[in-house]
Amino acid sequence: MPNAPRISFEFFPPQSLDASFRLWETVQALAPMQPSFVSVTYGAGGTTRTLTHDAVSTIHRNYGLKVAAHLTCVDATRTETLAIAESYAAAGVTEIVALRGDAPKGAQRFVPHPLGFANSVELVEKLARTGKFKIRVGAYPEPHPDAADATSDVTWLKRKIDAGASSAITQFFFDADTFFRFRDACVKAGINAPIIPGILPITSWEGAKKFARRCGTSVPHKLDEAFTTAARDGREELLALAQCTALCDRLVQGGVEDLHFYTLNRPHLTREVVRALGILPELVLEKVA
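This structure is a prediction, so every number in the text was calculated from the model and none was measured.

Draft legend 1. Representation of the pattern of salt bridges in the model. On inspection of all chains with the given rule, the structure shows ten salt bridges. A salt bridge links E206 to K209; the nearest nitrogen and oxygen atoms lie 3.3 Å apart. Here the residue E206 and the residue K209 both occupy positions in helix α7 (residues 205-215), the gap between them amounting to three residues, near one helical turn. Using a relative accessible area of 15% as the deciding quantity, one classes K209 as buried.

Draft legend 2. Spatial organisation of the sheet that holds strand β6 (residues 167-172). Pairing in this closed barrel of eight strands is parallel, and the strands run β1-β2-β3-β4-β5-β6-β7-β8 around the ring. Looking at each pair of strands side by side, their axes are set apart by 30 degrees on average, direction ignored. Bridging between strand β2 (residues 37-40) and strand β3 (residues 67-72) involves three bridges; their strand directions are parallel. Bridged to V38 within β3 is V67. Where helix α4 (residues 120-130) meets the sheet, its contacts fall on β3, β4 (95-99) and β5 (134-139), and the angle it forms with β4 comes to roughly 155 degrees.

Draft legend 3. Focus on the side chain of S120. Among the secondary structure elements, S120 is positioned in helix α4. Using a relative accessible area of 7% as the deciding quantity, one classes S120 as buried. For S120, the residues in contact, after removing those within four places along its chain, are C73, A98, L99, R100 and K160.

Draft legend 4. Broad picture of the side chain of T245. Position of T245 among the secondary structure elements: in helix α9 (residues 236-253). Judged by its relative accessible area of 17%, T245 falls in the buried class. A distance of 2.7 Å separates a polar atom in the side chain of T245 from the backbone oxygen of L241. If we skip the residues at most four places from it in the chain, T245 touches V273, A276 and L277.

Draft legend 5. View of the packing of α4 against helix α5 (residues 152-163). Contact geometry of α4 with α5 gives a least axis separation of 8 Å together with a crossing angle of 15 degrees. Classified by the interaxial angle, the pair formed by α4 and α5 is roughly parallel. Between α4 and α5 lies a crossing of right-handed hand. For the pair α4 and α5, the contacting residues are S120, V121, V124, E125 and A128 in the first and W156, R159, K160 and A163 in the second. Across the contact of α4 with α5, the residue classes tally to five nonpolar, one polar and three charged.

Draft legend 6. Expanded view of the packing of aromatic side chains. Scanning the model with the defined rule gives seven aromatic pairs in all. Measuring from ring centre to ring centre gives 6.0 Å for F179 and F180, while their planes differ by 65 degrees; the resulting arrangement is edge-to-face. Linked through ring pairs, F172, F174, W205 and F227 together constitute an aromatic cluster. Note that R136 overlies the ring of F37, its terminal NZ or CZ placed 3.8 Å from the centroid. Taking NZ or CZ as reference, R159 lies 4.4 Å from the ring centre of W156, over its face.

Draft legend 7. Fine view of unusual backbone geometry. The backbone of L264 shows a phi angle near 55 degrees, a positive value even though the residue is not glycine. Examined against the element boundaries, L264 turns out to sit in the loop between β8 (258-262) and α10 (267-276).

Draft legend 8. Geometry of the state of the cysteines. Applying the stated rule across the entire model yields zero disulfides. Of all cysteine sulfurs in the structure, the one in C215 sits closest to C186, which takes part in no disulfide; the separation is 17 Å. The exposure class of C186 is buried, given its relative accessible area of 0%. With no disulfide of its own, C215 has C244 as its nearest cysteine by sulfur position, at a separation of 15 Å. Classification of C215 by relative accessible area gives buried; the value is 11%.

Conventions adopted
- In this convention, every chain numbers its residues from 1, walking through the sequence in written order.
- Since the coordinates come from a predicted model, pLDDT governs what is reported: local features require at least 70, and pairs of side-chain atoms require 80 or more to be given and counted, while whole-chain, interface and lining totals use all residues.
- Computation of side-chain values: all heavy atoms of the structure, hydrogens and water removed.
- The salt bridge criterion pairs a side-chain nitrogen of Lys or Arg with a carboxyl oxygen of Asp or Glu, the two atoms within 4 Å.
- Going along the chain from the N terminus, every DSSP run of H or I of four or more residues is numbered as a helix, and every run of E of two or more is numbered as a strand.
- Only protein chains enter the calculation, and the probe is 1.4 Å; a residue is then buried if its accessible area is under 20% of its type maximum, exposed if over 50%, and partly exposed in between.
- The rule for pairing is simple: two strands pair if DSSP sees at least two bridges between them.
- To obtain an axis, a line is fitted to C-alpha atoms, over the contacting stretch when the element is a helix, and the angle between two such axes runs from 0 to 180 degrees between their N-to-C directions.
- We call two residues in contact when some of their heavy atoms are within 4.5 Å.
- Polar contact is the term for a pair of N or O atoms within 3.5 Å; when the atoms are in protein, one must be able to donate a hydrogen and the other to accept it, and sequence-neighboring residues count only if both atoms are side-chain atoms.
- Convention used here: angles under 35 degrees read as roughly parallel, angles over 145 as roughly antiparallel, angles from 65 to 115 as roughly perpendicular, and any remaining angle as oblique.
- Left-handed is the label given to a crossing in which the near helix is rotated counterclockwise from the far helix by less than a right angle, and right-handed is the label when the rotation is clockwise.
- When residues are sorted by character, Ala, Val, Leu, Ile, Met, Phe, Trp, Tyr, Cys and Pro go into the nonpolar class, Asp, Glu, Lys and Arg into the charged class, and all the rest, Gly among them, into the polar class.
- Two rings belonging to Phe, Tyr or Trp (six-membered ring only in the last case) form a pair when the distance between their centres is within 6.5 Å. Interplanar angles under 30 degrees mark stacking, angles over 60 mark edge-to-face geometry, and anything in between is tilted.
- Charge-over-ring placement is defined geometrically: NZ (Lys) or CZ (Arg) within 6 Å of the ring centre, and within 35 degrees of the ring normal.
- Pairs of cysteine sulfur atoms within 2.5 Å are what we label disulfides.

Here it is in structure tokens:
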């Protein structure tokens, strides 16, 4: 029987007082589950740049967790982007998730800043040259909305790994075979860096479908039918736990050693899935933000 996987969590920075309380409650709930690292996102278009920095620094300082800060190419010059990276290094944060980033709100597609990085490969190359960071990147088991063809996501990932990234975290998916096919294609392309599956515990099926439409994730018809029936019978949470646990178990049975959970700052379901995988809390943290 495979060992329990290593786990990691993604949080997003708060933009209101209520959201701030929810973030810290999420960190308090999940930190005892012994994550190998946690990540903190940027908002769309880089809109939470300062909030992300503050959240990353606080989590690193107050909880002793290894934090990977998201850094994007959106709406910033190269100098501004690298200054943010340097500020992380100065705060003791030496892991970065380097991403191109989504287009700013209202824009139809990503357009590089005239003085900024054109894409994530350029960003990874520059960060790698500093020698200060462990760099993770994004990966897409199903075609990214901007992908030129079915093979370009593998090609881009290889370019990012060759530029200096040490691992990749995938967009979420609902079918384990989607990940396995992608992993096989990456191996065939000569990619030998770890590829960590991104897992979305479904706290809202309608919300999950909206996310899926935005990022190009396919929604299995049977899963949609199951959640429709479960909603009618008041069993959505039970189905969500069973679905997510089964997906993770299938991945682990298929040789996956790391799982990255998109928590949406809602810890309950993620914590229950992790416990179902055999990972129990190590201690109760008392220090608060």
